[in-house]
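Chain and residue survey
Take a look at the letters that make up each chain.
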Amino acid sequence: MLPVGVSILEPDGRQTEFNTAFRDIYKEVPLEELRNYSSEEQVRHPTSQYRLEHPDGAPYSAEERDDWLARRIASLKSGVPEPAELTTSLGRSVRILSARIDDGRLIQVHEDL
């Protein structure tokens, strides 16, 4: 088993595949959300809440969070998003790295820090 979570997003943003480690990282998110929601819906859906924090641990303000969400959604739609670090609702710190492959799908690696 890979020590990281791996997910595959189709060109339309739907997440179609993920490994056991990915499921373990996001165990608080209902399986139907992981499989049926587009990447934009997952980022915006209330059940998928996560904390965004500055390097010193201070939480993002509402304005900073809205700006980050808008940039993240735009980058998911238009190409390869920048690496991201976030804290899940269960307190797990996760780093997300992404790579676009030739067929248009996006592969993401979710490292539990």
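A brief report on the enclosed structure follows. All values reported here derive from a predicted model rather than from experimental measurement.

Read from one edge of the open sheet, 6 strands run β2-β1-β6-β5-β4-β3, paired in antiparallel fashion. Each edge of the open sheet carries a strand with a single partner, namely β2 (15-18) and β3 (50-51). Examined bridge by bridge, strand β1 (residues 5-9) and strand β6 (residues 106-112) share 5 bridges and lie antiparallel to one another. Residue glycine 5 lies in a different strand from β6, and its bridge partner there is histidine 110.

It is worth spelling out the side chain of serine 75 at this point. Residue placement: serine 75 occurs in helix α4 (residues 62-78). Judged by relative accessible area, serine 75 falls into the buried class, the value being 18%. Setting aside chain neighbours within four positions, we find serine 75 in contact with Val80 and Pro81.

In this structure the tally under the stated criterion is 2 aromatic pairs. Ring centres of phenylalanine 18 and phenylalanine 22 lie 5.2 Å apart, and the angle between their planes is 35 degrees; this geometry places the pair in the tilted category. Judged on exposure class, the residue phenylalanine 18 and its partner phenylalanine 22 are both buried. When the centroid spacing of 4.9 Å and the interplanar angle of 50 degrees are considered together, the rings of phenylalanine 22 and tyrosine 26 count as tilted. You'll find phenylalanine 22 and tyrosine 26 in the same group, each marked buried. An aromatic cluster of at least three residues, connected via ring pairs, comprises Phe18, Phe22 and Tyr26.

Definitions and cut-offs
Residues numbered from 1 in each chain as written. Predicted model: local features only at pLDDT ≥ 70, side-chain atom pairs only at ≥ 80, totals over all residues. Heavy atoms only, no water. Pairing = 2+ DSSP bridges. Helix = DSSP H or I, 4+ residues; strand = E, 2+ residues; numbered from the N terminus. Buried < 20%, exposed > 50% of the residue type's maximum accessible area, 1.4 Å probe, protein only. Contact = heavy atoms within 4.5 Å. Phe/Tyr/Trp six-rings, centres within 6.5 Å; stacked < 30°, edge-to-face > 60°.

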